[in-house]
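One-letter residues, chain by chain:
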Amino acid sequence: MLKTRIIPCLDVKDGRVVKGVNFVDLVDAGDPVEQARFYDASGADELCFLDITASHEKRDTLFDVVARTAEMCFMPLTVGGGVRSAADVRKLLLAGADKIAINTAAVTNPELIAELAEKFGSQCITVAVDAKAVGPDRWEIFIHGGRTPTGIDAIQFAKQAASLGAGELLVTSMDRDGTRAGFDLSLTRSIADAVPVPIIASGGVGGLDHLVDGVIKGHASAVLAASIFHFGTHSVAEAKAHMARAGIAVREE
Amino acid sequence: MAQTVCVIDYGSGNLRSVAKSLERVAAEADLGGRIVVSGQTKDVLAADHVVLPGVGAFGDCYAGLSAIDGMVEAITEVAINKARPFLGICVGMQLMAEIGLEHGRHTGFGWFEGQVEPIKPRDPALKVPHMGWNALELTGQGQGHPLFAGIKAGDHAYFVHSYHMALASDRDLLAQVHHGAALTAAIGRDTLVGVQFHPEKSQKTGLKLLHNFLEWQP
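Residues numbered from 1 in each chain as written. Chains lettered and ligands numbered in written order. Predicted model: local features only at pLDDT ≥ 70, side-chain atom pairs only at ≥ 80, totals over all residues. Heavy atoms only, no water.

**Comments concerning the interface of chain B and chain A**
Across the contact, 31 residues belong to chain B and 35 residues belong to chain A. Together chain B and chain A conceal approximately 2,700 Å² of surface at their shared face, both sides included; 51% is due to carbon and sulfur atoms. Summed over the three residues of chain B that lose the most area to chain A, namely K127, M131 and W133 of chain B, the buried surface amounts to 26% of that side. The interface formed by chain B and chain A holds three salt bridges in total. A salt bridge links E71 of chain A to R16 of chain B, with the nearest nitrogen and oxygen atoms 2.8 Å apart. In this assembly, chain B and chain A are joined by 19 residue pairs in polar contact (both at pLDDT 80 or more). Where the side of chain B that touches chain A is concerned, the elements lending two or more residues are α1 (15-28), β8 (130-135), β10 (156-161), β12 (173-179) and α7 (203-215) of chain B. Looking at the side of chain B that touches chain A, the element that brings in the most residues is β8 of chain B, giving six residues. (Contact = heavy atoms within 4.5 Å. Buried area = accessible area lost by both parts, 1.4 Å probe. Salt bridge = Lys/Arg side-chain N within 4 Å of Asp/Glu carboxyl O. Polar contact = N/O pair within 3.5 Å; in protein donor to acceptor, adjacent residues only side chain to side chain. Helix = DSSP H or I, 4+ residues; strand = E, 2+ residues; numbered from the N terminus.)

The structure is reproduced here in structure tokens:
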């Protein structure tokens, strides 16, 4: 059977990992490629690079990072951040990315999802759904890295993205992101149950039980976390062992 | 190993990942040889081993190959008439079927009896695309096949697809996985092999399979 995926996420700025970590055995902890190798060796199921580079000119550093990572790591790599067009997607895929996460451009122009899915296949188009609670069981989509509200209902947008051809949704609770208080399980489950495609739960992981909850209570197909792995609080192997004990099928080999 | 391995470039897919993983495998095992990424029929015809990657839709991939003058003929020549080891990956495997039903009805190479159909799990909790790591179940043929030497039942491979190849018979089935129902994971006959999963993304298991392919001298 299919296993629940654990996906470490690295924030990359100007070609360097930020908000990172300090693994003692890394020569250069700020080098995304070194960190990718570390996660590759430690049994991560996929890896996600989120480019938070502000200036457009410096974005080209990302292509180099992706290319160098793809040479070293033979695992799926999702890249997101600032992707606006088919040309951006092609460049990242050619550099070695397997999946591309799009957020702002998908919200402002949903037709782009259909265009990209048709051109490159649904399997490589991940739509990032950044949502904030605006009422009981109501969430709104935010764009520009969570800074701009749109008035768009998150569940409706998730359904639309899936029907336009997104192969997967990365669902992030803007309320929980960085809080270490756990996923917004109600948001996660509402979207997971509303769409046929797999969803990745994101935002708020502070401990291993949160990962379990994301799957069992949130119905996610994959869980994404940053700080618990980066700061060495837990290893990917510990996370998998913990999930396995909770009855979740994971890949341990 | 093969003196020359050609990875066919027809504008589809993650060629770089496939080529890089083959290069890594060849270098680590000191196999020598040369990995060529090419969209030219002469390179395909001259290759000792041929790899056909593919991501995207069945019809688009076939159209991409057909758009290169003489490519489908060259592939048939090298894989069937010259019987050089041929590996299809993901849609590259699916193209070896007779028919693909993704976005309309399309013909494939017709080397394997069967068609490429949508994955439709009865349980709505099972998601499509079938995306992630799944445990391989090797058939009797698979266990004895050189491609799977050193790979055992239960080893995981990375999949991402919404359509799968429904074979007319199990004769050529090397491996399957379960996602609601059984899905074809690997096929093989004579010098032809195909895998639905991505060996170039399947860490150790995938690299082992690519190593086996490079060393395969049927």
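**Side note on the packing of helix α3 (residues 58-66) of chain B against helix α4 (residues 71-81) of chain B**
Residues and elements named next belong to chain B. Where α3 contacts α4, the two axes come as close as 7 Å, and the packing angle between them is 90°. Considered as vectors, α3 and α4 are oriented roughly perpendicular to each other. Residue-level inspection shows Y62, L65 and S66 of α3 in contact with α4, the latter providing M71, V72 and I75. Class assignment of the residues belonging to the contact of α3 with α4 gives a composition of five nonpolar, one polar and no charged. (Axes fitted to C-alpha atoms, helices over the stretch in contact; angles between N-to-C directions. Parallel < 35°, antiparallel > 145°, perpendicular 65-115°, else oblique. Nonpolar A, V, L, I, M, F, W, Y, C, P; charged D, E, K, R; others polar.)

**Focus on the nonpolar core**
Within the largest apolar cluster, 75 residues are counted, with the highest numbers of intra-cluster contacts made by F49, V127, L169, I191 and L211 of chain A. No other element matches the six residues that helix α6 (residues 154-164) of chain A contributes to this core. When neighbours within four sequence positions are excluded, F49 of chain A is seen to be in contact with L10, V12, P32, A36, V65, V66, T69, L77, T78, V79 and G80 of chain A. Grouped together as the second largest cluster of nonpolar side chains are 72 residues, L15, M96, F109 and W216 of chain B included. (Core = buried A, V, L, I, M, F, W, Y, C linked by side-chain atoms within 4.5 Å. Buried < 20%, exposed > 50% of the residue type's maximum accessible area, 1.4 Å probe, protein only.)

**Quick look at the sheet that holds strand β6 (residues 106-107) of chain B**
All names here are of chain B. An order of β6-β5-β7-β11 is seen for the four strands of this open sheet, with the pairing classed as mixed. Each edge of the open sheet is held by one strand with a lone partner, namely β6 and β11 (163-167). The pairing of strand β5 (residues 97-100) with β6 spans two bridges and is antiparallel. Across the sheet, the residue bridging to G100 is H106, located in β6. (Pairing = 2+ DSSP bridges.)

**Quick look at the sheet that holds β12 of chain B**
Residue and element names in this part refer to chain B. Judged by pairing direction, the sheet is mixed, and its eight strands sit side by side in the order β2-β1-β3-β4-β14-β13-β12-β9 without closing on themselves. Strands with a single pairing partner mark the edges of an open sheet, and in this sheet they are β2 (34-38) and β9 (137-138). Here six bridges tie β12 to strand β13 (residues 181-189), and the two strands are oriented antiparallel to one another. When the bridges of β13 are listed, L173 appears paired with I187.

**Some thoughts on the UniProt feature "active site" (unreviewed entry) in chain B**
All names here are of chain B. As annotated in UniProt, the feature "active site" (unreviewed entry) corresponds to C90, H198 and E200 in the numbering used here. Separation in sequence by 111 residues is not matched in space for these annotated residues, since their most distant C-alpha atoms are only 10.9 Å apart. Here C90 is to be found in the loop between β4 (86-89) and α5 (91-94). Judged by its relative accessible area of 4%, C90 falls in the buried class. Apart from residues lying up to four places away in sequence, C90 is in contact with G54, V160, V195, Q196, F197 and H198. Residue position: H198 is located in the loop between β14 (192-195) and α7. There is a polar contact of 2.8 Å between the side chain of H198 and the side chain of E200. (UniProt positions renumbered as here; feature names shortened; annotations may be inferred.)

**Focus on the confidence of the model for chain A**
For chain A, per-residue confidence averages 91 on the pLDDT scale, and 94% of positions sit at 70 or higher. A low-confidence stretch, residues 20-24 of chain A stays under pLDDT 50, and its non-local contacts, those more than four residues away or across chains, total twelve contacts. (pLDDT = per-residue confidence, 0-100.)

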